[in-house]
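Here's the letter readout for the chains.
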Amino acid sequence: MKRIGFVGLGNMGLPMAANLVKAGYEVVGFDIQQRARARGSDAGMKIAESAVAAAHRADAFISMLPASEHVESLYLGVDGEGAGLLDRMESETLLIDCSTIAPQSARRVATAAQECGIAMLDAPVSGGTAGAEKATLTFMVGGDARHLERARSLFAAMGSNVFHAGPSGAGQVAKVCNNLLLAVQMVGTAESLALGVANGLDPATLSEIMRRSSGGNWALQVYNPFPGVMPDVPAARGYRGGFLVNLMIKDLGLAMDNAQTVGADTPMGSLAHDLYRALRSEYDAGDLDFSSIQRHYIEE
Ligand code: NAD
C-alpha cells in the first residue's frame with residue numbers, strides 16, 4: 001500500500017488523512033468543499049479535482065462522508081443509475097468506507113463492488129475528532145478478513161484498535177450497537193446526577209461515589225456531563241465541541257431502523273432517541289456535545 005485516495009476531508013476525514021501523510025503514504029484527497037480541500041493541501045496531501053481522480057491508480061480508497069445517501073451516491077451514482085465511482089475505477093483498489101451509515105446501505109455498496117470485482121470493507125470508527133487527531137481511533141470492520149489484513153497498516157496509522165466484526169455491514173452493526181449503549185449510558189448518568197443534586201448532593205462527590213461503585217461507567221470516568229465536575233470536557237465549556245447531538249440522533253436513528261429490520265426490541269434506545277430529539281428542539285442543542293443531555297434534567 002502506497003498511494004491512498006481519500007474522499008471527505010471534514011472534521012474526521014481531514015485528521016485521519018493527515019495521519020496517513022505523517023505515516024509516509026502518498027495521499028490524494030478530495031472534498032466538495034473548497035475550504036476542506038485547502039486544509040487537505042496544508043496537511044501535505046495532493047488534492048484531486050474529483051473523487052474519480054482521487055481514486056485513480058490508488059492502492060486503497062477511503063471515504064469518510066456524512067451519511068448513507070452520500071456514500072451510495074459516491075459509489076453507485078445518483079438513484080443507482082450508474083456513473084458512480086464503482087463504474088470508473090481499477091479493480092485492484094481496495095475500498096474502505098469509514099463513514100457511519102446504515103448496515104443495509106453498507107451491504108448494498110459492498111455487493112455492488114463485488115459484482116465489479118472490487119473488494120470493499122465497511123470500517124466505521126469510534127473515538128471522535130480527538131481520536132482522529134491523535135490516531136487512537138477504534139475501527140469496527142465488516143467484510144472479508146483477508147482484505148482487513150491488506151489494510152492493517154493503514155488502520156494502524158489512523159487508530160489504535162481494529163476489530164473484525166464479521167461480513168459486510170457487520171462493522172456498521174457494531175457501531176450502531178456501541179452508540180446506542182453510549183447514548184443510554186449518558187442519559188442514565190445525567191439522570192442520576194440530577195436526582196442526587198435535587199436531593200442536595202454535591203455533583204462531584206456523587207460522581208466519585210458512583211464512579212467507584214457499580215454504576216461506574218465511561219461517562220463518569222472521562223466525560224462527566226455535569227458542569228463544574230471535570231475539567232477539559234464539553235460540560236466545562238458550555239458543551240461546545242465533542243460529539244454532536246445531531247450525530248447522536250443520526251446514529252440512534254440508524255439503530256432504530258436496524259432494530260426494526262431485524263425485529264429486535266430496543267425500548268431504551270428508542271427513549272434515548274426521543275430524549276435527544278427533544279433536547280435538540282427545546283434547547284437548540286443540535287450542534288452541542290451529546291453530554292448536554294444534562295440540560296434536559298437541570299438548567300444551568
Ligand atoms: P463532516 O460533515 O465534518 O465531514 C464530511 C465531509 O464530507 C465534508 O467536508 C463534506 O464536504 C464532504 N462531502 C460530502 N459529500 C461529499 C462528496 N460527495 N464528495 C466529497 N466530499 C463530500 O462530518 P464528520 O464529523 O467528519 O463525520 C464523517 C462521518 O464520521 C459521519 O458518518 C459521522 O457519523 C462519522 N463519525 C463522526 C464522529 C465525530 O465525532 N465527528 C465520530 C465518529 C464517527
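Refer to the structure printed above.
This section reports on the structure supplied with the text. (Residues numbered from 1 in each chain as written. Predicted model: local features only at pLDDT ≥ 70, side-chain atom pairs only at ≥ 80, totals over all residues. Heavy atoms only, no water.)

What about unusual backbone geometry?
Counted only if it meets this: In DSSP terms, a helix is any run of H or I states spanning at least four residues, a strand is any run of E spanning at least two, and both are numbered starting from the N terminus. Each residue is placed in one exposure class: buried if its accessible area under a 1.4 Å probe, protein chains only, is under 20% of its type's maximum, exposed if it is over 50%, and partly exposed if it falls in between.
At Asp 232, a residue that is not glycine, the phi angle is positive and equals roughly 60°. Mapped onto the elements, Asp 232 comes out in the loop between α10 (218-222) and α11 (245-262). Note on Asp 232: relative accessible area 73%, which makes it exposed. Residue Asp 284 is not a glycine yet carries a positive backbone phi of 50°.

A word on the side chain of Ser 292
In plain terms, the rule: Two N or O atoms form a polar contact when they lie within 3.5 Å of each other; inside protein one atom must be a possible hydrogen donor and the other a possible acceptor, and for residues adjacent in sequence the pair counts only when both atoms belong to side chains.
Among the secondary structure elements, Ser 292 is positioned in the loop between α12 (267-283) and α13 (294-297). With relative accessibility at 0%, the residue Ser 292 sits in the buried group. Polar contacts involving the side chain of Ser 292 include one to the main-chain carbonyl oxygen of Asp 289, which spans 2.7 Å.

A look at the pattern of salt bridges
The following threshold applies: In what follows, salt bridge is the name for a side-chain nitrogen of Lys or Arg lying within 4 Å of a carboxyl oxygen of Asp or Glu.
The full count for this structure, using the stated rule, is nine salt bridges. Notably, a salt bridge pairs Glu 26 with Lys 46, separated by 3.2 Å at the nearest N-O pair. Here Glu 26, found in strand β2 (residues 26-30), pairs with Lys 46, found in strand β3 (residues 46-47); they are 20 residues apart in sequence, far enough to count as distant. On the basis of relative accessibility, which here comes to 23%, the residue Glu 26 falls in the partly exposed class. Its salt-bridge partner being Arg 212, residue Glu 208 comes within 2.6 Å of it at the nearest N-O pair. The partly exposed category is assigned to Glu 208, whose relative accessible area is 30%. Among the residues examined, Arg 212 registers a relative accessible area of 66% and is labelled exposed. Each member of the salt-bridge network shares a partner with another, and the members are Lys 2, Arg 3, Glu 26 and Lys 46.

Structural notes on the packing of aromatic side chains
How we decide: Planes of paired rings set the category: under 30 degrees apart is stacked, over 60 is edge-to-face and the rest tilted, where pairs are Phe, Tyr or Trp rings (Trp by its six-membered ring) whose centres lie within 6.5 Å.
This model, assessed by the stated rule, comprises five aromatic pairs. Between the aromatic rings of Trp 218 and Tyr 223, the centroid separation amounts to 4.9 Å while the plane-to-plane angle is 25°, which identifies the pairing as stacked. Residue Trp 218 is classed as partly exposed on the basis of its relative accessible area of 37%. You can call Tyr 223 buried: its relative accessible area is 13%. Seen from their ring centres, Phe 243 and Phe 290 are 5.8 Å apart, and the 75° between their planes marks the pair as edge-to-face. Note that Phe 243 is positioned in the loop between α10 and α11 and Phe 290 in the loop between α12 and α13, a separation of 47 residues in sequence.

Observations concerning the packing of helix α8 (residues 170-198) against α12
What counts is decided by this rule: Whenever a helix is involved, its axis is fitted only over the stretch in contact; in every case the axis is a line through C-alpha atoms, and angles between N-to-C directions fall within 0 to 180 degrees. Comment on the angle field: the value is read as roughly parallel under 35 degrees, roughly antiparallel over 145, roughly perpendicular from 65 to 115, and oblique elsewhere. Helix crossings fall into two classes, left-handed where the near helix is turned counterclockwise from the far one by less than a right angle and right-handed where it is turned clockwise. Whether two residues are in contact is decided by their heavy atoms, any of which lying within 4.5 Å being enough.
The interhelical angle for the contact between α8 and α12, taken along N-to-C directions, is 65°, at an axis separation of 9 Å. One element, α8, and the other, α12, form an angle in the roughly perpendicular class. When the axes of α8 and α12 are compared, the crossing they make is left-handed. Contact residues: α8 offers Leu 180, Ala 183, Val 184, Met 186 and Val 187, while α12 offers Met 268, Gly 269, Ala 272, Leu 275 and Tyr 276.

A short note on the packing of helix α1 (residues 13-22) against helix α7 (residues 145-158)
The geometry of α1 relative to α7 is characterised by a closest axis approach of 8 Å and an angle of 110° between their N-to-C directions. Judged by the angle between their axes, α1 and α7 are roughly perpendicular. Crossing handedness for the pair α1 and α7: right-handed. Every residue of α7 that contacts α1 at Met 16, Asn 19 and Leu 20 is listed here: Leu 154, Ala 157 and Met 158.

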